[in-house]
Amino acid sequence: MAVFEINPIVQSLNAIRQDWRIRQGRSREPGGREFPSPQALTRILDDLKGILFPMRLGPLDLRQESEDFYIGHTLDSALHALLGQVMLELRYQARLEPEAQIDVEARAISVVQAFASSLPDIRRLLDSDVLAAYQGDPAARSVDEVLLCYPGVLAMIHHRVAHQFYKQGLPLLARMSSEIAHSLTGIDIHPGAQIGESFFIDHGTGVVIGETTIIGKGVRIYQAVTLGAKRFPTDASGKLEKGLPRHPIVEDDVVIYAGATILGRVTLGRGCTIGGNVWLIHDVPPGSHVTQADSQGTRTCDPAVEGADEGSDPARV
């Protein structure tokens with residue numbers, strides 16, 4: 001049996017960790033884990049999916065007459081597990097800002113209760129997303145297929161939950177939730193993005209939606225679309241300024257086809273269509289149709305294009 005020389009490696013890793021903690025101004029705190037766990041959060045999110053859609057994403061042997069019992073039991077368990085993760089994040093925040101005196105346990109209970117109360121609204125929003133996907137994709141044969149199979153819908157389940165975490169002042173848990181979806185779907189939605197009802201991401205791979213993006217109702221986007229920032233302002237010391245509005249505003253009923261890149265705090269007006277592979281850094285008036293050929297300007301929608309069969313659009317694959 002092989003014998004490996006391990007002690008020098010353990011000692012070297014210990015020295016590196018201590019050096020990191022000293023340089024970051026973090027004292028050594030004895031005890032258990034100090035940060036939320038992605039593994040624990042994954043289990044919580046799986047439970048929440050079953051709670052939101054019990055007969056589709058819940059246990060295999062669930063029957064409709066047992067739905068309420070299953071939801072009540074699972075919700076109680078999930079919320080207690082979530083409470084533990086929230087307390088870890090709030091304690092982490094308290095270490096970073098020791099001057100902010102809060103009762104961590106009381107704050108955590110309040111946050112988790114507020115999140116639980118948001119679940120009916122999350123379900124209603126997700127119902128509109130599922131219906132938008134079914135109505136917007138001629139290949140979809142049922143809303144069940146959409147819910148069970150479409151990566152865009154899975155990404156939105158995670159985003160609707162993550163956005164609530166973000167609103168409740170839990171940016172770490174929010175980002176972890178969105179990154180779990182990112183790893184599963186290839187769709188990267190920052191939890192801070194504000195997304196209206198009936199949102200549909202078709203295909204989805206490579207989609208990026210930035211933190212300060214605002215998306216209205218009935219918006220549809222395709223794979224490899226980026227709603228990103230054009231520049232990153234810095235303060236007097238040269239550090240990036242955080243939280244500034246730097247991503248696009250997409251008004252109601254906009255369609256953005258595959259590969260389009262929209263950068264900066266620009267506005268895509270209501271009902272406009274952005275063609276495939278377009279690069280945009282300026283506002284687009286409502287009702288406009290922008291193609292790659294004329295993406296340096298805009299033109300009014302051609303009724304023939306506007307009413308064309310979606311399947312014939314070269315941006316759709």
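Structure report, in brief. (Residues numbered from 1 in each chain as written. Predicted model: local features only at pLDDT ≥ 70, side-chain atom pairs only at ≥ 80, totals over all residues. Heavy atoms only, no water.)

### Describing the overall build of the chain
Piece 1. Assigned secondary structure in the chain consists of 9 helices and 15 strands.
Piece 2. A burial count over the chain gives 44% of its 317 residues as buried.
Piece 3. Counting contacts in the chain only where the partners sit at least 6 residues apart, residues at least 24 apart contribute 46% of the total.
Piece 4. When the accessible surface of the chain is summed, it comes to about 17100 Å², and 54% of that surface belongs to carbon and sulfur atoms. (Helix = DSSP H or I, 4+ residues; strand = E, 2+ residues; numbered from the N terminus. Buried < 20%, exposed > 50% of the residue type's maximum accessible area, 1.4 Å probe, protein only. Contact = heavy atoms within 4.5 Å. Areas by Shrake-Rupley, 256 points an atom, 1.4 Å probe, with all protein chains shown as cover.)

### Some remarks on the packing of helix 2 (residues 38–52) against helix 7 (residues 151–167)
For any two helices packed against each other, the geometry is given by the interaxial angle and the distance between the axes.
Piece 1. The interhelical angle for the contact between helix 2 and helix 7, taken along N-to-C directions, is 110 degrees, at an axis separation of 11 Å. Here helix 2 is positioned roughly perpendicular relative to helix 7, judged by the angle of their axes. The handedness of the crossing between helix 2 and helix 7 is right-handed. On helix 7, the residues touching Leu41, Leu45, Leu48 and Lys49 of helix 2 are Leu154, Ile157, His158, Val161 and Phe165. (Axes fitted to C-alpha atoms, helices over the stretch in contact; angles between N-to-C directions. Parallel < 35°, antiparallel > 145°, perpendicular 65-115°, else oblique. Left-handed = near helix turned anticlockwise from the far one by under 90°.)

### A short note on the pattern of salt bridges
Piece 1. Using the criterion set out here, one finds 12 salt bridges in the structure.
Piece 2. In this structure, the salt-bridge partner of Glu34 is Arg95, at a minimum N-O distance of 4.0 Å. Here Glu34 is found in the loop between helix 1 (7–23) and helix 2, whereas its partner Arg95 is found in helix 4 (residues 67–96), with 61 residues between them in sequence.
Piece 3. For Asp127, the salt bridge goes to Arg123, with nearest N and O atoms at 2.7 Å. Here Asp127 pairs with Arg123, and both are found in helix 5 (residues 104–136), just 4 residues apart, close to one helical turn.
Piece 4. The exposure class of Arg123 is partly exposed, given its relative accessible area of 31%.
Piece 5. A single network of salt bridges, built from pairs that share partners, joins Asp252, Asp253 and Arg270. (Salt bridge = Lys/Arg side-chain N within 4 Å of Asp/Glu carboxyl O.)

### As for the environment of Asn277
Piece 1. Topologically, Asn277 is positioned in the loop between strand 12 (273–274) and strand 13 (279–280).
Piece 2. Apart from residues lying up to four places away in sequence, Asn277 is in contact with Ala258, Gly259, Ala260 and Gln292.

### Some words on a nonpolar patch on the surface
Piece 1. On the surface, Phe4, Ile6 and Val10 cluster together to form a nonpolar patch covering roughly 340 Å² of accessible area.
Piece 2. Here Phe4 is to be found in the segment before helix 1. (Patch = residues over 30% accessible without salt bridge, like charges linked within 9 Å, V, L, I, M, F, W, Y side chains within 5 Å.)

### Notes on the packing of helix 2 against helix 8 (residues 171–185)
Piece 1. For the pair helix 2 and helix 8, interaxial distance at closest approach is 10 Å and the crossing angle is 70 degrees. Compared by their axis directions, helix 2 and helix 8 come out roughly perpendicular. Between helix 2 and helix 8, the contacting residues are Pro38, Leu41, Thr42 and Leu45 on the first element and Leu173, Met176, Ser177 and Ile180 on the second.

### Details of the sheet that holds strand 2 (residues 194–195)
Piece 1. Judged by pairing direction, the sheet is parallel, and its 4 strands sit side by side in the order 2-5-8-11 without closing on themselves. The sheet is open, and its two edges are formed by strand 2 and strand 11 (267–268), each paired on a single side.
Piece 2. Two elements, strand 8 (residues 249–250) and strand 11, share 2 bridges in a ladder whose sense is parallel. Counterpart to Val250 in the pairing with strand 11 is Leu268. (Pairing = 2+ DSSP bridges.)

### Quick word on the sheet that holds strand 10 (residues 261–263)
Piece 1. Taken together, 5 strands build an open sheet; the order of strands is 1-4-7-10-13 and the sheet is parallel. At either margin of the open sheet sits one strand with a lone partner, and together these are strand 1 (188–189) and strand 13.
Piece 2. Bridging between strand 7 (residues 226–228) and strand 10 involves 3 bridges; their strand directions are parallel. Looking across to strand 10, one finds that Thr226 is bridged to Thr261.

### Points about unusual backbone geometry
Piece 1. Backbone geometry places His203, a non-glycine residue, at a positive phi of 65 degrees.
Piece 2. Here Asp253, not a glycine, exhibits a phi torsion of approximately 60 degrees, which is positive.

### Observations concerning helix 7
Piece 1. Between its first and last C-alpha, helix 7 extends 24 Å over 17 residues, near the 24 Å set by a 1.5 Å rise per residue.
Piece 2. With 13 of 17 residues buried, helix 7 is to be regarded as a mostly interior element.
Piece 3. Once helix 7 ends, the next one or two residues include Gly169, with phi positive near 80 degrees. (Expected span 1.5 Å × (residues − 1).)

### Here we look at the nonpolar core
A general trend in soluble globular proteins is that nonpolar side chains are found buried together.
Piece 1. Formed by 67 residues in total, the largest nonpolar core has its most connected members in Ile256, Leu268 and Ile274.
Piece 2. Of all the secondary structure elements, the ones that give two or more residues to this core are helix 2, helix 4, helix 5, helix 6 (143–149), helix 7, helix 8 and strand 3 (200–201).
Piece 3. When residues of this core are assigned to their parent elements, the largest contribution, 12 residues, is made by helix 5.
Piece 4. Setting aside its immediate chain neighbours within four residues, Ile256 contacts Arg220, Ile221, Tyr222, Val225, Leu227, Ile262, Leu268 and Ile274. (Core = buried A, V, L, I, M, F, W, Y, C linked by side-chain atoms within 4.5 Å.)

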